Amino acid sequence: QRMSQDVTGAKAALAAGGWTVQNGELSKGGKSYPVTYDVYNGYPEWVTTAQLIAQEWHDVLGLNVTVTQLGDNAYSDADSKGKFGIISDTGTWGGTSIYSDYVQYTSTYDTPIGQAASGNAGRFVDPKLRSLLAQYAATDPTNTSALTTL
């Protein structure tokens, strides 16, 4: 089943952030930014997904998205050092709890772009998420009612 799109909302979010689309590129403050989507070529489904997303963004938003297929070393380097526009990644580490998936977003894993990160390749920072993770880490894992109220 096809998901519905909120094209008006997407365009409004771009505009609220001061972004426009000019000649197929994102533009802000008089500067243009080409959009690149780096994807690991070892997973054909990731490549296909990236190509479909790029086509959709072109059709709906007018963005020209360059999909770059990267081999093992180039992908690992780009991903760990934050040297990408958009990148396909699993985003989670797996494990026995939701905390083990999201622990990479704690300040422990903050790494400047250009240096190899052991987690949080996108350098995502959100104070509210970090506060919730700290509460989660301090909660007895057997107290499931407390965990569901965080």
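What you see is a predicted model, and the numbers here were worked out from it, not measured in a lab. (Residues numbered from 1 in each chain as written. Predicted model: local features only at pLDDT ≥ 70, side-chain atom pairs only at ≥ 80, totals over all residues. Heavy atoms only, no water.)

What is the right way to read the packing of aromatic side chains from this model?
Two aromatic rings, taken as a pair, are described by how far apart their centres are and by the angle between their planes. Scanning the model with the defined rule gives 6 aromatic pairs in all. Where Trp-46 meets Tyr-75, the ring centres are 6.3 Å apart and the plane angle is 55°; that geometry is what we call tilted. One end of the pair, Trp-46, is in helix α2 (residues 44-61); the other, Tyr-75, is in helix α3 (residues 72-81), with 29 residues separating them in the sequence. In this structure, Trp-46 and Tyr-75 share a single accessibility class: buried. Ring centres of Tyr-105 and Phe-124 lie 5.7 Å apart, and the angle between their planes is 85°; this geometry places the pair in the edge-to-face category. Residue Tyr-105 is found in the loop between α4 (98-102) and α5 (127-137), and its partner Phe-124 is found in the loop between α4 and α5; the two are separated by 19 residues along the sequence. Accessibility expressed as a relative area gives 15% for Tyr-105, which makes it buried. Aromatic ring contacts, followed pair by pair, group Tyr-40, Tyr-43, Trp-46 and Tyr-75 into a single cluster. (Phe/Tyr/Trp six-rings, centres within 6.5 Å; stacked < 30°, edge-to-face > 60°. Helix = DSSP H or I, 4+ residues; strand = E, 2+ residues; numbered from the N terminus. Buried < 20%, exposed > 50% of the residue type's maximum accessible area, 1.4 Å probe, protein only.)

Explanation requested: the pairing of strand β5 (residues 65-70) in the structure shown.
Both faces of the sheet carry side chains from a regular strand, because those side chains alternate between them. The pairing of strand β4 (residues 35-40) with β5 spans 6 bridges and is parallel. Within the sheet, the bridge partner assigned to Tyr-40 lies in β5 and is Leu-70. Crossover handedness for the path β4 to α2 to β5: right-handed. (Pairing = 2+ DSSP bridges. Right-handed = clockwise from strand over helix to strand, strands pointing away.)

How should I be thinking about the environment of Asp-126 in this particular structure?
Summarising the element assignment, Asp-126 is placed in the loop between α4 and α5. Sequence-wise, Asp-126 and Gly-24 are 102 residues apart; in three dimensions their C-alpha atoms are separated by 30 Å.

Would you explain the side chain of Thr-111 in this entry?
Counting through the fold element by element, Thr-111 comes out in the loop between α4 and α5. Polar contacts involving the side chain of Thr-111 include one to the main-chain carbonyl oxygen of Tyr-109, which spans 3.2 Å. Setting aside residues no more than four positions away along its own chain, Thr-111 makes contact with Ala-116, Ala-117 and Arg-123. (Polar contact = N/O pair within 3.5 Å; in protein donor to acceptor, adjacent residues only side chain to side chain. Contact = heavy atoms within 4.5 Å.)

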